[in-house]
Amino acid sequence: MWLDRFAGQHSGSAPSPPIGQSRSRSPLPRRTSSSRGPYLTSQQRPGISPRASSLSLVSNDSSASLLGVSKRPNGSALRQSTLVEDAPDPEEVLARILGPLPNTPPSEDDRTRMITEDDLGLDFDFGGLSLRELAAAEAGPPAADTYRPQMVEDFERDKAKFEELHRSIQTCDDILSSVESNLTSFRNDLVAVSADIETLQARSTTLNVRLENRKAVEKALGPVVDELSVSPLVVSKISEGHIDEAWVKVLTEVDKRATAQKKNAGQTQTKALADVGPLLEKLVLKAVERIRDFLVAQIKALRSPNINAQIIQQQNFLRFKDLFTFLHRHQPVLAGEICQAYLNTMRWYYLNQFSRYEKALGKLKLHVLDKNDVLGHEDTSRRSTVLSSSKLAGAPHDAFNLGRRIEVLKTTNQLAISSYLAEEDQTNHYLEVPFRNFNLALIDNATAEYTFLASFFSPSLSFAAISRHFNYIFDPTFSLGQTLTKHLVADTYDGLGALLCVRLNQHFAFELQRRRVPAADGYINGTSMALWPRLQSIMDAHCDSVRALTAALPTKAPSAATIKAASAAPHVVTQRFGQLLQGILSLSADAGGDDEPVVASLRRLRNEVEMFLTKASQASFGADKRKRERFLYNNYSLVLTIISDVSGKLAVEQQEHFEALKTSYQEAG
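These notes cover the structure that comes with them.

Cut-off values and rules
Within each chain, residue numbers correspond to sequence positions counted from 1 in written order. Local features in this predicted model are restricted to residues of pLDDT 70 or higher, and side-chain atom pairs are both shown and tallied only at a pLDDT of 80 or more, whereas totals for entire chains, interfaces and linings draw on every residue. Side-chain descriptors were evaluated using all non-hydrogen atoms of the structure, hydrogens and water having been removed beforehand. Runs of H or I in DSSP of at least four residues are treated as helices and runs of E of at least two as strands, each being numbered from the N terminus. Throughout, exposure labels follow a simple rule: accessible area from a 1.4 Å probe, protein chains only, divided by the maximum for the residue type, with under 20% read as buried, over 50% as exposed, and the rest as partly exposed. A contact between two residues is defined here by any heavy atoms of the two lying within 4.5 Å. A fitted line through C-alpha atoms serves as each axis, taken over the contacting stretch for helices, and the angle formed by two N-to-C directions is quoted from 0 to 180°. Roughly parallel covers angles under 35 degrees, roughly antiparallel covers those over 145, roughly perpendicular covers 65 to 115, and oblique covers all other angles. Just so you know the grouping, Ala, Val, Leu, Ile, Met, Phe, Trp, Tyr, Cys and Pro go in nonpolar, Asp, Glu, Lys and Arg go in charged, and all remaining residues, Gly too, go in polar. By the counting rule applied here, Lys and Arg register as positive and Asp and Glu as negative, while His and the ends of each chain are not counted. For salt bridges, the criterion is a side-chain nitrogen of Lys or Arg within 4 Å of an Asp or Glu carboxyl oxygen. Whether two aromatic rings pair depends on their centres lying within 6.5 Å, for rings of Phe, Tyr and Trp, where Trp uses its six-membered ring; planes under 30 degrees apart make the pair stacked, over 60 edge-to-face, and the rest tilted.

1. A short note on the environment of Lys615
Secondary-structure assignment places Lys615 in helix α21 (residues 597–621). On the accessibility criterion, Lys615 (41% relative accessible area) is partly exposed. Along the backbone, Lys615 and Ala551 are 64 residues apart, and their C-alpha atoms lie at a distance of 9.2 Å. With residues up to four places along the chain from it excluded, the contact list for Lys615 reads Thr550 and Leu553.

What follows is the structure in structure tokens.
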């Protein structure tokens, strides 16, 4: 077994010699010329081969498989030796050659590698194959790194490859040399760039310092320079540019510089201030001239026929309100003249417009209630005429029934009737209709004008001056409105219509307070002064008519036939009074309190009616107390029924009063 580890099983190309022609029967294998023999020569030591191969041709691992070694394709050409029975012991031969074995005990690794008797007794399972077959089956293809001696022919054959490889290496060397030179140049360039960057950083730091210094200087000197210079663009814009928002901005800049120039006028002027002063003065004068022409053109436009003044005010005046402020600051006299021209124009404008509107409302057909429509008048005929006093038969009307007339107070329509519709309207109306439409239009226009004056002339003018200007504009128009009110109520006996006008006027006063237009309070107060006295006169006329009716009753006791023929039904005066009372209470539901003149007049009228009913019962039923009380009960019950659905403080007071009267006569009734 020990000899087999050194024997190589190689398959040579030539047939092996017969056993009889083999070497002498030596227990040692003979040396061969094969480079794959089991012994290494000096030419075959690993690492010293001609091609400097680092591959080991013979494994020194003692654990290498014996079968693998016997099957190397390039192994020794020796045939497997056959031992004869009388050959000397190989160990003895080795002992003679190598000398006696040392007496050192084997190490642990040596004991592991040594073949013992127990190893010889192992039973190997080769799967029914012989050792040769097993070795042939396990031997793989030759390794790629198997070393094989090269011949001259091999070198000649590979010469071209080596030459090509040599040329490639030279080319690579040239390229690498070029790359090296480029990298060297690039490194030099980087050094130069680095130096430049350092220079730029130093310059940047210097420039930053200069910039900060200049900013500080500019911050300090900028306003001074602005005050001492005027841009040519500013001069061109002020002199020739179209007046628009951009022109207003340039004007603001000129105004600021002119103001600063005036502040510095009292101080020691520098040469720059002395040079720019005349230029600013001329520029201001040119701006004043252009503003004057612009405002005069807009004022003339207000006098154009069929023009809407509020459109011009919003688009051409309020957009350029700074123009008047500039004009008032630099030329107050001229600004006052232009303001007066505007006031005169709007004074004419509103008077002209409302005069036309008043004429259109004068064409409305109105119910005319005269002295025949008082409470105690016996005639129940109704007449209607138009405001122009031309007598035409109109629709019947009831002077004491409120009905749907209260809708003028509750309507949500806040638009006045147009002049065209008023001229074409053929229906009959009560006096509150023209009063409401005229005053509603007047209040709306007054609000718009006051708002415009406060926006356009402020802060140049104080609010007291603005209020005076407003009153100057609307004085003739307010006079026209008060004249219309007096004309509507002067000869009428329509107490409900007069009270409706009073309530409408109060609503207008509340609306003006909500809109913050205090300048129109004088007109509202004047209208109230015209309405309340006439309402008192109408209530006095009703009282006088009832008093006259009471005085006309017979004073002597009625005859039995008269008592028998008399009816206990409510009197016609009671019906009228109940309706009139219900209307007054409905219009006073939201009134301020008991201090109104109508409250005292109503109580006085109620007393006159009660006195009339008492005397009427005596005149009709004489000593028949039961019928008298039944008559009074029916009349008071009718009044209570009519006013029962009315709310308000005054209504509750009247309901309690007539409820007490009704209760006092209920048992008899």
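2. Concerning the packing of helix α10 (residues 309–317) against helix α12 (residues 332–361)
Two elements in contact, α10 and α12, have axes whose closest approach is 12 Å; the angle formed by their N-to-C orientations is 155°. If you check the angle between α10 and α12, you find them roughly antiparallel. Judged by residue contacts, Ala309, Gln313 and Phe317 of α10 engage Tyr342, Met346, Tyr349 and Tyr350 from α12. Considered class by class, the residues forming the contact of α10 with α12 number 6 nonpolar, 1 polar and no charged.

3. Focus: the side chain of Glu449
For Glu449, the location among the structural elements is in helix α15 (residues 432–456). Although Glu449 lies buried, it forms no salt bridge, and the closest oppositely charged side chain, Arg347, sits 12 Å away as judged by the N-O distance. Aside from chain neighbours lying at most four places away, what touches Glu449 is Gln313, Tyr342, Met346, Tyr350, Ile473 and Phe474.

4. Remarks on the pattern of salt bridges
Tallying each qualifying case throughout the model produces 18 salt bridges. Between Asp444 and Arg515 there is a salt bridge, with its nearest N and O atoms 3.1 Å apart. One end of the pair, Asp444, is in helix α15; the other, Arg515, is in helix α17 (residues 495–515), with 71 residues separating them in the sequence. When its relative accessible area of 27% is taken as the criterion, Arg515 is described as partly exposed. A salt bridge links Lys625 to Glu629, with the nearest nitrogen and oxygen atoms 3.9 Å apart. One end of the pair is Lys625 and the other is Glu629, both in helix α22 (residues 625–643) and 4 residues apart, which spans about a single turn. Classification of Glu629 as buried rests on a relative accessible area of 18%. Among the ionic contacts, a cluster of salt bridges with common partners joins Asp444, Glu511, Arg514 and Arg515.

5. Here's the deal with the packing of aromatic side chains
Within the structure shown, the criterion is met by 22 aromatic pairs. Consider the rings of Phe317 and Phe456, whose centres lie 5.5 Å apart with planes at 80°: the pair is edge-to-face. Here Phe317 is found in helix α10, whereas its partner Phe456 is found in helix α15, with 139 residues between them in sequence. Here the aromatic rings of Tyr450 and Phe470 are separated by 5.6 Å at their centres, their planes lie at 90°, and the arrangement is edge-to-face. Placement of Tyr450 in helix α15 and of Phe470 in helix α16 (residues 463–489) is noted, with a sequence separation of 20 residues between them. Overall, the relative accessible area of 8% leaves Tyr450 in the buried class. Following the ring pairs from residue to residue traces out a cluster consisting of Tyr349, Tyr350, Tyr450, Phe470, Phe474, Phe478 and Tyr523.

6. Structural notes on unusual backbone geometry
Here the amide bond leading from Ser458 into Pro459 is cis, since omega sits at 10°, within 30 degrees of zero. On the secondary structure map, Pro459 appears in the loop between α15 and α16. Unusually for a residue other than glycine, Asn306 sits at a positive phi of about 55°. By the secondary structure assignment, Asn306 is in the loop between α9 (271–302) and α10. Using a relative accessible area of 75% as the deciding quantity, one classes Asn306 as exposed. Positive phi, normally seen in glycine, also occurs at Arg516, with a value near 60°.

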